[in-house]
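As a plain string of letters, each chain reads:
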Amino acid sequence: MAGHGAELSLPRRSWFRPRGLFGKYVIAFVGLIVLVLGTNAALEAWFTYNYTIGVLVKTQSDKAEAAARRIQQFVDEIERQISFATRASASTIEQHIADYQLLLREVPAIEQLRQLNGKGMEQLMVNRSEVVKNSGADYSRSPSFTEARGRSVWASPADFEGSAPVMSIVMPHSGLNAGYTVAQINLESLSTLLDSSQIGNDYEAYLIGPLGRLLAHSNRERRLGTSLGELPQVRAAMKQEGEPPTFGLDPDGRSVLIASAVVPHLTWHVFVEQPRSTALQPVYRVLNRTALLAALGVLLAIIAGTWLARQMVIPIRALQVGAQQLEASEFGHRIEVRPGDEISDLADHFNRMAEQLQESYTRLEQKVEERTRALAKSVSEFKALEEIGRAVASSLDTKAVLATIVTRAVQLTRADAGAIYRYDASRKLFELAGAHALEQGFQDAIRSARIRFDENIFGQPIALPDLRESPNFPLRDAILAAGFHSILVVPLITQDEILGALVVQRRSVGDFPSGTIDLMQTFAHQSVLALNNARMFLEVEQKGRELAIANEHKTQFFANMSHELRTPLNGILGFSELLTDGLYGKLPDKAMEVLDRIQKDGKHLLGLINDVLDISKIEAGQLSLSLSDYSVQSIVDTVVASTEALAHTKGIEVRTAVPGDLPIGYGDERRLTQVLLNIVGNAIKFTDTGSVEIRVDATNGYFKIAVEDTGPGIPLSDQQRVFDDFQQVDSGITRQKGGTGLGLSISRRLVQAHGGNIELHSWLGVGSTFNIVVPVRASEQRQVA
Amino acid sequence: MSKRILVVEDTENNRRILNDLLTNAGFEVIEATDGEKGVAIAAEHQPDLILMDIQLPVVDGYEATRRIKSNPALRNIPVIAVTSYALSGDEAKARAAGCEGYIAKPFSPRVILAKVREFLS
């Protein structure tokens, strides 16, 4: 179910993976289309722009050329008219006046006509309002005269009278009064040549004369005479350098598309312009259209790209989800992709792989299950065997062990019931020793039957798949009557004798597998071990009991012997003391000396008897403490008093250091006295010169009684051994110093019985210190045997 | 008038030692060889002190002491137990039976004499 959850949540997340396949597809697709459309649009815009500009420039140039031609024609026409008037062979001044007046009528642009003689003197001046003859004004120095001399015609540069542009045309003539005709031309009418009817509504045209001054303009509101020489196009035209710029500025500073033409003879420049925005209108239209188309293309590309990417990615996602399901061991998942392409082929392969995996997995699971079952079976067999083994090893309750064996045997062989028999060799009969799932009535029937040992069939396991076919089998009818039809009997045998039989029986008819028979033989083996163990244990137990009794006898013997030995000893010691004390008269010195020897030997013998009795009691665990309050001071006093004579004899000083504030002890006073006496006695016995010191202190609830001597010391290797039974450092010393070798052993055990211990510190040649440590308040410890 | 001491003891040697020791010391000694006789002789002769062996035929020393101590006429006679049961608990048992003193066998005549004098002084 976890896999299902993942299936729902994973794709949702992964569409937006920053480096996901989907994103890459969409970006690549859309990017490509945008690149193509963008390049196309840019190229189209570039070409459209250039083409449009070219066309516009050409159109405007044509218009400019046309305007220039018209202006030239206008001037030429005036020149022709003047020429015509002056060439007329007027011979009189009146004729000239008539000619001039006719010319003024014919050509409105001419404002004034002047006739100069060959020396530059004015002879006649005619305008529309007056006629002046022979004014004699001197024009000999005016450019109209100086420039025109020697030429057929001379046009003065344009000039202004106020804002009105004017120019003079000077033409020489011959005949009567040969001289020059100077016509003053008003150029205002030139503007009509540039108006919208001539050049079109969208354009403006203007004429620039010398010094960049405006001679005419299609817009009548423009003030003529203003200098436009600073406009880049005007400056370029006047300097006549290179290509004239395509774009320039109008007097208002707006960017305009420019075309110009030169009026040939006059070096005037005609400019035709239109605002850049107007001029580029078609370019903008094309650009807009292109941009619109490109945007549409991009939109379509996005839609198409997304759709294609989804078409591509969805099956891949399906594959991915399928792979994840496989990864999560969900082998039941199948990938569904629209058929027909390679991905669907891949999905089919994938699905087939999943199927095979599922099959393999199922097969594997089956195998694992089988193996697990087999393993569990052998584990339970092992456990049963282990349990039985443990029971055999640890339990001496043979009946319980055999019952366990039968129960496990029935369980593990999947039988319905079982029984175990012991063979009574003396009666040559099998007896029921344990049963599992057998009814009481049937058990009684077995017990009342006498199952004899049949050597012929016994020794190997007997498997009877169908009991009805074995008429001679013991208890056959009873077993059949109880509802059992097959039976397996495994003998319990050792190398040389038969111990019994293990039997399992089933209600159904059928063979027993060899594994079952092997298992039963293992059980039989365990049963044999259990029976043997039980038998051996009985023997050991019997021996143990006999040993305990023998030990008891020994202890009793020692106790009795001790008593029996003491009684005559009492007489020996008592009489010798009475003799020594002169109760029976004074004895000779020699006799006294012998008597002393008798007493010493008697006391030694008594010590031996006491030690042997003590050790036998300790070993028998019969030593018990008689606990009561005691005073350490009095114990020390007793010991010092008892050893005084010996110490005095040997010349050894016995010192004591017993604090007055010792607590009252609780323990066996007589035994503690015995211990201290033994140790102090030893110390005196083994010390030939020097002293023996008894020091007592009480700390942390323990008495420490230290007995320090200046004797020969005990080698380190022997320090532990001195506490062992019958040990003295040197057996030669035993003979020399007397003692049984039991004293320290007994002492240590007595102290241990109090919950204390005896420690020994000794240095060869320096002396020995025995520390008796006993609890101030002792409680009897478990016997330390 | 010399003090009278009853020695209840089945071993002849021991009776002899105690008799010689105590007679020599100026005491009058009377003897009994088993517990039953000991009780009877004590009742008959009213001794000043009884030295009581413990392991005795017929009636043992503990029982004999208990009988003596249960007899109002004999109750005040001190009884010193003399026993070869020189084991823990013996002294306690003897005192429980009513013995005022306790001496372990094998005894030293000097110790016996000292003990007797202690009781009879």
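Along each chain, the written sequence defines residue order, and numbers are assigned to residues from 1. By the order in which they are written, chains take letters starting at A while ligands take numbers starting at 1. A pLDDT threshold of at least 70 governs which residues receive local features in this predicted model, and a stricter bar of 80 or more applies before side-chain atom pairs are shown or counted, although totals over entire chains, interfaces and linings include all residues.

**Examining the overall build of chain A**
In step 1: Secondary structure elements follow DSSP: runs of H or I of four or more residues count as helices, runs of E of two or more count as strands, with numbering from the N terminus. A tally of regular secondary structure across chain A gives 19 helices and 25 strands.
In step 2: Exposure in this text rests on C-beta crowding, where 20 or more other C-beta atoms within 10 Å of a residue's own make it buried, 12 or fewer make it exposed, and counts in between make it partly exposed. The C-beta atoms are placed from the backbone. The buried share of chain A, reckoned over its 785 residues, is 31%.

**A look at the sheet that holds strand 17 (residues 486-493) of chain A**
Residue and element names in this part refer to chain A.
In step 1: A strand pair is defined by DSSP finding two or more bridges across the two strands. Taken in spatial order, the 6 strands line up as 15-14-13-18-17-16 in an open sheet, and their pairing is antiparallel. Each edge of the open sheet carries a strand with a single partner, namely strand 15 (451-452) and strand 16 (462-464).
In step 2: The pairing of strand 14 (residues 429-436) with strand 15 spans 2 bridges and is classified as antiparallel. Opposite Phe430, over in strand 15, you have Ile451 as the bridge partner.

**So, the interface of chain A and chain B**
In step 1: In this description, a residue-residue contact is defined by the distance between C-beta atoms placed from the backbone, which must lie within 7 Å. Taken together, the 19 residues of chain A in the interface contact 17 residues of chain B.
In step 2: At the level of elements, helix 14 (514-580) and helix 17 (669-686) of chain A are the ones that each hand at least two residues to the side of chain A that touches chain B.
In step 3: Ranked by residues supplied to the side of chain A that touches chain B, first place goes to helix 14 of chain A with 11 residues.
In step 4: Here the residues of the side of chain A that touches chain B are counted per class, giving 7 nonpolar, 7 polar and 5 charged. By the convention adopted, Pro, Cys, Tyr, Trp, Phe, Met, Ile, Leu, Val and Ala count as nonpolar, Lys, Arg, Asp and Glu as charged, and the other residues, Gly among them, as polar.

**Observations regarding the confidence of the model for chain B**
In step 1: Confidence of the predictor in every single residue is expressed as pLDDT, which spans 0 to 100. Residues of chain B with pLDDT of at least 70 account for 95%, and the chain-wide mean is 89.
In step 2: Scored as a whole, the predicted complex attains pTM 0.42, and scored at its interfaces, ipTM 0.91.

**Examining helix 3 (residues 93-106) of chain A**
What sets the pattern is the α-helix's 3.6 residues per turn: residues three or four places apart point alike.
Residues and elements named next belong to chain A.
In step 1: For a helix, the expected span equals 1.5 Å multiplied by the number of residues minus one. An ideal rise of 1.5 Å per residue puts 20 Å on 14 residues; helix 3 measures up with 19 Å between its terminal C-alpha atoms.
In step 2: Regarding helix 3, the residues found buried are His96, Asp99, Tyr100 and Leu103. Angular distribution of buried residues about the axis of helix 3 spans 95 degrees; they occupy a single face of the element. Turned more than 90 degrees away from the buried face of helix 3, the exposed residues are Glu94 and Arg105. Directions pointing from the helix axis toward each C-beta atom define the arc.

**Observations regarding the pairing of strand 25 (residues 767-775) of chain A**
Residue and element names in this part refer to chain A.
In step 1: For strand 23 (residues 702-709) and strand 25, the ladder comprises 7 bridges, and the chain directions are antiparallel. Looking at strand 25, one finds that Tyr702 is bridged to Pro775.
In step 2: The pairing of strand 24 (residues 757-763) with strand 25 spans 7 bridges and is classified as antiparallel. Across the sheet, residue His761 finds its bridge partner in strand 25, namely Thr769.

**With respect to the nonpolar core**
Residue and element names in this part refer to chain A.
In step 1: To define a nonpolar core, we join buried Ala, Val, Leu, Ile, Met, Phe, Trp, Tyr and Cys residues through C-beta atoms within 7 Å and take the resulting set. Of all hydrophobic cores here, the largest spans 59 residues; its most connected members are Ala67, Ile71, Leu207, Leu215 and Val270.
In step 2: Take this core: its biggest share by element is 8 residues, from helix 2 (residues 21-87).
In step 3: In this structure Val270 touches Ala64, Ala67, Ala68, Ile71, Ala205, Leu207, Ser260, Ala261 and Val263, once residues within four positions along its chain are discounted.
In step 4: If you look at the next biggest cluster of nonpolar residues, it comprises 45 residues, including Ala391, Val406, Phe430 and Val504.

**Things to note about unusual backbone geometry**
In step 1: Here the residue pair B:Lys105 and B:Pro106 is connected by a cis peptide bond, since its omega of -5 degrees sits within 30 degrees of zero.
In step 2: Within the secondary structure, B:Pro106 is located in the loop between strand 5 (101-104) and helix 5 (109-120).
In step 3: In the Ramachandran plot, A:Asn134 falls in the positive-phi region, its phi being about 45 degrees despite a non-glycine side chain.
In step 4: By the element assignment, A:Asn134 lies in the loop between strand 3 (131-133) and helix 4 (143-146).
In step 5: Here A:Asn134 falls in the partly exposed class, since 13 other C-beta atoms lie within 10 Å of it.

**A short note on the environment of A:Asn201**
Residue and element names in this part refer to chain A.
In step 1: With respect to the helices and strands, the residue Asn201 is situated in the loop between helix 6 (196-199) and strand 8 (204-208).
In step 2: C-beta crowding within 10 Å serves as the criterion here: with 7 such atoms nearby, Asn201 is assigned to the exposed category.
In step 3: Considering only alpha carbons, one finds Asn201 and Gln274, 73 residues apart in sequence, at a separation of 9.7 Å.

**Let's talk about the packing of helix 9 (residues 281-327) of chain A against helix 10 (residues 342-394) of chain A**
Residues and elements named next belong to chain A.
In step 1: Axes here refer to lines fitted to C-alpha atoms; in helices the fit is confined to the stretch in contact. Angles between the N-to-C directions go from 0 to 180 degrees. In contact at an axis separation of 10 Å, helix 9 and helix 10 are set at 10 degrees when each is read in the N-to-C sense. The orientation of helix 9 with respect to helix 10, classified from their angle, is roughly parallel. Taking contact as the criterion, the partners of Pro315, Ile316, Ala318, Leu319, Gly322 and Leu326 in helix 9 are, on helix 10, Ile343, Leu346, Ala347, Phe350, Ala354 and Leu357.
In step 2: Of the residues belonging to the contact of helix 9 with helix 10, the class tally is 11 nonpolar, 1 polar and no charged. Any angle from 65 to 115 degrees is called roughly perpendicular, while one under 35 is roughly parallel, one over 145 is roughly antiparallel, and all others are oblique.

**Quick word on the sheet that holds strand 22 (residues 691-699) of chain A**
Two modes of strand pairing occur in sheets, parallel and antiparallel, and in both the strands are linked by backbone hydrogen bonds.
Residues and elements named next belong to chain A.
In step 1: Taken in spatial order, the 5 strands of this open sheet run 20-22-23-25-24, and their pairing is mixed. Looking at which strands have only one partner, the edges of the open sheet turn out to be strand 20 (653-657) and strand 24. Each strand of the sheet is rotated relative to its neighbour by a mean of 15 degrees, with strand direction disregarded.
In step 2: Here strand 22 runs beside strand 23; their pairing, made up of 8 bridges, is antiparallel. When the bridges of strand 23 are listed, Val692 appears paired with Asp709.
In step 3: The strands touched by helix 16 (residues 632-650) within the sheet are strand 20, strand 22 and strand 23, with strand 20 carrying the most contacts at an inclination of about 175 degrees.

**Details of the confidence of the model for chain A**
All names here are of chain A.
In step 1: Considering every residue of chain A, the mean pLDDT works out to 82; 92% of them sit at 70 or more.
In step 2: Under a pLDDT of 50 for its full length, residues 1-14 has, in the predicted model, 11 contacts with residues more than four places off or in other chains.
In step 3: Within the model, pLDDT remains below 50 along residues 731-736, and this stretch shows 4 contacts once partners closer than five positions in the same chain are excluded.

**Some points on the environment of A:Glu188**
Residue and element names in this part refer to chain A.
In step 1: Along the chain, Glu188 falls in the loop between strand 7 (179-186) and helix 5 (190-194).
In step 2: Judged by local crowding, Glu188 falls into the partly exposed class, with 16 C-beta atoms found within 10 Å.
In step 3: Each C-alpha atom of the pair Glu188 and Leu215 lies 7.7 Å from the other, and the pair is 27 residues apart in sequence.
In step 4: Setting aside chain neighbours within four positions, we find Glu188 in contact with Ala164 and Pro165.

**Remarks on the pairing of strand 17 of chain A**
Residue and element names in this part refer to chain A.
In step 1: Among the 8 residues that make up strand 17, 7 are buried, leaving the element largely enclosed by the rest of the structure.
In step 2: As judged from the 3 bridges shared by strand 16 and strand 17, these two strands associate in the antiparallel manner. Directly across from Ala463, in strand 17, lies its bridge partner Leu488.
In step 3: Looking at chain direction, strand 17 and strand 18 (residues 498-506) are connected through 8 bridges and run antiparallel. Each bridged residue has a counterpart across the sheet, and for Val489 the counterpart in strand 18 is Val503.

**Thoughts on helix 5 of chain B**
In step 1: Spanning 12 residues, helix 5 of chain B covers 16 Å between terminal C-alpha atoms, matching the ideal 16 Å at 1.5 Å per step.
In step 2: Of the residues making up helix 5 of chain B, those classed as buried are B:Pro109, B:Ile112 and B:Val116. Projected down its long axis, helix 5 of chain B carries its buried residues within an arc of 60 degrees, all on one side. Turned more than 90 degrees away from the buried face of helix 5 of chain B, the exposed residues are B:Val111, B:Ala114, B:Arg117 and B:Glu118.
In step 3: Buried residues belonging to helix 5 of chain B abut helix 14 of chain A together with strand 1 (4-8), helix 1 (12-24), strand 3 (49-53) and strand 5 of chain B.

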